[in-house]
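Reading the structure
So the chains spell out like this:
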Amino acid sequence: MKTIFNTCLLASMLFASCACKKNASTTSQHNKPETLPVKSEVGFWLTKGDQSQLLSKQNVALNFSETTNANPTIEVDPSTTFQEIDGFGYTLTGGSASLINALPAAEKDKLIQELFAVADDAISVNYIRISIGGSDLSAYPFTYNDLADGETDESLAKFSIAKEQTDLIPILKKIVAINPKIKILGSPWTAPIWMKSNKSFIGGNLKPEYYQTYAKYLVKYIQAMKAEGIVIDAITPQNEPLHPGNNPSMYMSALDQANFIKTALGPIFKSSGIETKIIIYDHNADKPEYPITILNDAEAKKYIDGSAFHLYAGPISALTQVRNAHPDKNIYFTEQWVGGPSNFGEDLKWHVSTLIIGATRNWSRNVLEWNLAADPNYNPHTDKGGCTSCLGAITIAPAISRNVAYYVIAHASKFVPTGSVRIASNITNNLQNVAFKTPDGKRVLIVCNNNNSETTFNIKFNGKVVTSALDKGAVATYVW
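Now for a look at the structure at hand. (Residues numbered from 1 in each chain as written. Predicted model: local features only at pLDDT ≥ 70, side-chain atom pairs only at ≥ 80, totals over all residues. Heavy atoms only, no water.)

Focus on helix α10 (residues 344-361)
End to end, α10 covers 24 Å across 18 residues, agreeing with the expected 26 Å (1.5 Å per residue, within 8%). For α10, the principal kink sits at valine 352 and spans about 35 degrees. Of all 18 residues that make up α10, 14 are buried, and the element is covered over most of its length. Positive backbone phi, at 85 degrees, marks tryptophan 363, one or two positions downstream of α10. (Helix = DSSP H or I, 4+ residues; strand = E, 2+ residues; numbered from the N terminus. Expected span 1.5 Å × (residues − 1). Bend = angle between axes of the 7 residues up to and from the residue. Buried < 20%, exposed > 50% of the residue type's maximum accessible area, 1.4 Å probe, protein only.)

Right, dumping it as structure tokens:
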């Protein structure tokens, strides 16, 4: 009996001892203090190709010192300046607006805040592009003056933006309420088809007898949007003028665009008091002769702010070629898609290196990704010519997921506000980079490691350095 009692007592003591240890361990874990932020002169946000870090602020100490080492060094020199920056963002297609507007009110407002507000939990998009009428990522093609077969309306009495009142204008109003200074670029995919040579949404030319009418149509559009509280900062006369196979689309040669601008669009903008910029071309970098031809026409050039590019063909260096031919005119980068399904790591590396870094190092004042939102099946889009595999920066299913273009743009838009200026920085050891000075005096350096392994490097500023490391394909934004 005594033996049994002692055995039970021992077991009871062991159980109590284990229980105490377990409770102590649990309590210790529960009360473990959170990691405190380290003191760092340089903020560091990171995205990795394996998505283990997504625009994540790193809790590491990056403080400038006079340390010397053999690492490759990116030197940032704010005394050498280049172009002013207008912003970074997306095309808010009609389809994007429809998907966002269909979200429950609270979720919709939260998403728009996340995209466009200047806040710690937002990415501060400050430039967007919209289509003037339908694009190939609208549910169907349309203009603001669609008529029955055989009808014309040279007085534009039937002009109306009513189709935009359902989705696009309500979303734009919410965006403008958050950021009243956001820059908005409008691009038409086609003129009203009664003005075209083939009377079709696809292809055809703008007939010269309708140059004046179409210019007035664009004026009415700018005025109608302004009446809704939406200021159109700039327009292009035609999206992808050398691609007549899209739905909708319209072919416009360089000579035709020059003639349209100098005989109709420019003079009518001037006489109507329209301050909206005219930006030419809006197509691939493989044809720099297109914008150069237009800018070589002195009568057209006087109405033009600059040239816009896409990069489905040609080298990004073509932007500098056009800038060098006419250094008094601006350069813009207005569209690049991500094809679905995306290879996140490869797309991150290419888009940041080639566009966020490459376009701005070649004088672009902006970088816009195409497009803001799509559903899981890449809808909506037009039939017979609309893009069937354009991956949005976000997917709305209706749950929201963030794709690679979201992070590509966010690494710039969150840190480089409108009015920033690009400053000098050298490219070394395949560490693609670009640097900016913001209006409040901060320096921003965006780096993409294009090496096949982790790379340790220095950032040098004012004679001192900080040392950082990036995995292969990783993207970082440094701010000080």
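Regarding the sheet that holds strand β5 (residues 127-132)
Strand order in the open sheet made by the eight strands is β10-β9-β8-β7-β6-β5-β4-β11, with parallel pairing throughout. Both edges of this open sheet fall to β10 (330-335) and β11 (366-369), since each of them pairs with a single strand only. This element, helix α6 (residues 254-272), spans β7 (234-235) and β8 (277-284) of the sheet and lies at about 155 degrees to β8. Running over the sheet, helix α11 (residues 404-413) touches β4 (87-91) and β11 and is turned about 155 degrees from β4. (Pairing = 2+ DSSP bridges. Contact = heavy atoms within 4.5 Å. Axes fitted to C-alpha atoms, helices over the stretch in contact; angles between N-to-C directions.)

Observations regarding the environment of alanine 308
Position of alanine 308 among the secondary structure elements: in strand β9 (residues 306-310). By relative accessible area, which is 0% here, alanine 308 ends up buried. The sequence separation of alanine 308 and glutamate 240 amounts to 68 residues, and the corresponding C-alpha distance is 10.0 Å. Apart from residues no more than four positions distant in its own chain, alanine 308 is found in contact with Ile279, Ile280, Tyr281, Asp282, His283, Tyr332 and Thr334.

Quick look at the environment of asparagine 239
Looking at the secondary structure, you find asparagine 239 in the loop between β7 and α6. At a separation of 2.8 Å, a polar atom in the side chain of asparagine 239 contacts the side chain of arginine 129. (Polar contact = N/O pair within 3.5 Å; in protein donor to acceptor, adjacent residues only side chain to side chain.)

Some points on the sheet that holds strand β13 (residues 394-396)
Spatially, the three strands line up as an open sheet ordered β12-β13-β14, and their pairing is mixed. Taken across any chain shown, the strands that pair with only one partner, and hence form the sheet edges, are β12 (373-374) and β14 (400-402). Bridge analysis of β12 against β13 gives two bridges, and the strand direction is parallel. Within β13, the residue paired with alanine 373 across the bridge is isoleucine 394.

Brief notes about the packing of helix α5 (residues 211-227) against α6
As a packed pair, α5 and α6 sit with axes 9 Å apart at the nearest point and diverge in direction by 50 degrees. As judged from the angle between their axes, α5 and α6 are oblique. Considering only the axes of α5 and α6, their crossing is right-handed. Here Tyr211, Gln212, Tyr214, Ala215, Lys216, Leu218, Val219 and Ile222 of α5 lie close against α6, whose contacting residues are Asp256, Asn259, Phe260, Thr263, Ala264, Leu265, Ile268, Phe269 and Ser272. Grouping the amino acids of the contact of α5 with α6 by side-chain chemistry returns eleven nonpolar, four polar and two charged. (Parallel < 35°, antiparallel > 145°, perpendicular 65-115°, else oblique. Left-handed = near helix turned anticlockwise from the far one by under 90°. Nonpolar A, V, L, I, M, F, W, Y, C, P; charged D, E, K, R; others polar.)

Things to note about the packing of aromatic side chains
Within this structure, the stated rule accounts for 23 aromatic pairs. When the ring of tyrosine 406 is compared with that of tyrosine 407, the centres are 4.9 Å apart and the planes differ by 75 degrees; the resulting orientation is edge-to-face. Overall, the relative accessible area of 6% leaves tyrosine 406 in the buried class. For tyrosine 407, a relative accessible area of 8% gives the class buried. Within the aromatic cluster, the residues linked to one another by ring pairs are Tyr140, Phe142, Tyr144, Phe159, Tyr211, Tyr214, Tyr217, Tyr221 and Phe260. Just above the ring of phenylalanine 82 sits the side chain of arginine 422; from NZ or CZ to the centre is 3.8 Å. (Phe/Tyr/Trp six-rings, centres within 6.5 Å; stacked < 30°, edge-to-face > 60°. Lys NZ or Arg CZ within 6 Å of the ring centre and 35° of its normal.)

Some remarks on the nonpolar core
Core analysis: the biggest nonpolar cluster contains 114 residues, and Leu92, Leu172, Leu206 and Tyr221 have the highest contact counts within it. Counting residues per element, this core draws most heavily on α5, at ten residues. Beyond its immediate sequence surroundings of up to four residues, leucine 92 is in contact with Ala97, Ile100, Arg129, Ile130, Leu168, Ile171, Leu172, Ile175 and Leu372. Ranked by size, the runner-up nonpolar core spans 21 residues in total, among them Val42, Leu62, Phe461 and Val466. (Core = buried A, V, L, I, M, F, W, Y, C linked by side-chain atoms within 4.5 Å.)

Some details on the pattern of salt bridges
Overall, the coordinates contain 15 salt bridges when judged by the stated rule. With a closest N to O distance of 2.9 Å, glutamate 228 and lysine 173 form a salt bridge. With a gap of 55 residues between them, glutamate 228 in the loop between α5 and β7 and lysine 173 in helix α4 (residues 168-178) connect regions that are remote in the sequence. Of the residues examined, glutamate 228 reaches a relative accessible area of 23% and is grouped as partly exposed. (Salt bridge = Lys/Arg side-chain N within 4 Å of Asp/Glu carboxyl O.)

Describing α11
Across the ten residues of α11, ten count as buried, placing the element largely inside the fold. Of the residues making up α11, those classed as buried are Val404, Ala405, Tyr406, Tyr407, Val408, Ile409, Ala410, His411, Ala412 and Ser413.

Overview of the pairing of strand β1 (residues 43-47)
Within β1, five of the five residues are buried, which leaves it mostly tucked inside the rest of the structure. Where β1 lies against strand β20 (residues 475-479), five bridges are found, and the strand directions are antiparallel. Bridged to leucine 46 within β20 is alanine 476. In the sheet, β1 pairs with strand β2 (residues 56-57) via two bridges, with the strands oriented antiparallel.

Scope: geometric values only; no functional claims are made or implied.
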